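Structure assessment
The lines below spell out each chain.
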Amino acid sequence: QVQLVESGGGLVQTGGSLRLSCATSGGTFSLYTMGWFRQAPGKEREFVAGISRNGGYTSYTDSVKGRFTISRDNAKNTVYLQMNSLEPEDTVGYYCAASRTRQITATVYDYDNWGQGTQVTVSS
């Protein structure tokens, strides 16, 4: 069972940038497809970005394409989410997750392991 710990959230002005990190332990990181999700209070958790096991493939939800970049460093057992051109609508909690699926999946239920989340707040 892999453990995940997110960091890097915080307060930023509109148009600013943040880099989220998700450090993992307790599992073979390279065997996991990784994803970033976000969730606003009272709403369902939604897929933001995903990356394949070797980092060769990525996928994004439409609202973040061109602004967010997911990457991973298998030597460091860490996945990242670089967020640029942030908007107030990006203000939510962000969660990283690990899945044993072979392909990137946007389905919450395909992910078995989750971090505790990190809050991103974008001021207007």
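Quick look at the structure, then. (Residues numbered from 1 in each chain as written. Predicted model: local features only at pLDDT ≥ 70, side-chain atom pairs only at ≥ 80, totals over all residues. Heavy atoms only, no water.)

Comments concerning the sheet that holds strand β1 (residues 3-7)
Backbone hydrogen bonds hold the strands of a sheet together, and the pairing may be parallel or antiparallel. Note the threshold: The rule for pairing is simple: two strands pair if DSSP sees at least two bridges between them. Helical segments are the DSSP runs of H or I of at least four residues, strand segments are the runs of E of at least two, and each set is numbered from the N terminus. Between the N-to-C directions of two axes lies an angle of 0 to 180 degrees, each axis being a line fitted to C-alpha atoms and, for a helix, fitted only over the stretch in contact.
Taken together, 4 strands build an open sheet; the order of strands is β1-β3-β8-β7 and the sheet is antiparallel. At either end of the open sheet lies a strand with only one pairing partner, and these are β1 and β7 (68-73). Strand after strand, the sheet turns through a mean of 15° between neighbouring axes, direction not considered. Two strands pair when backbone bridges link them, and β7 and strand β8 (residues 78-83) are joined in this way by 6 bridges, in the antiparallel orientation. Residue pairing across strands places arginine 72 opposite valine 79, the latter belonging to β8.

Focus on the environment of glycine 56
The cut-off we apply is this: Burial classes follow relative accessibility: with a 1.4 Å probe on protein chains only, a residue under 20% of its type's maximum area counts as buried, one over 50% as exposed, and anything between as partly exposed.
Residue placement: glycine 56 occurs in the loop between β5 (46-51) and β6 (58-60). A relative accessible area of 54% means that glycine 56 is categorised as exposed. The spacing of glycine 56 and arginine 72 is 16 residues in sequence and 9.8 Å in space, taken between C-alpha atoms.

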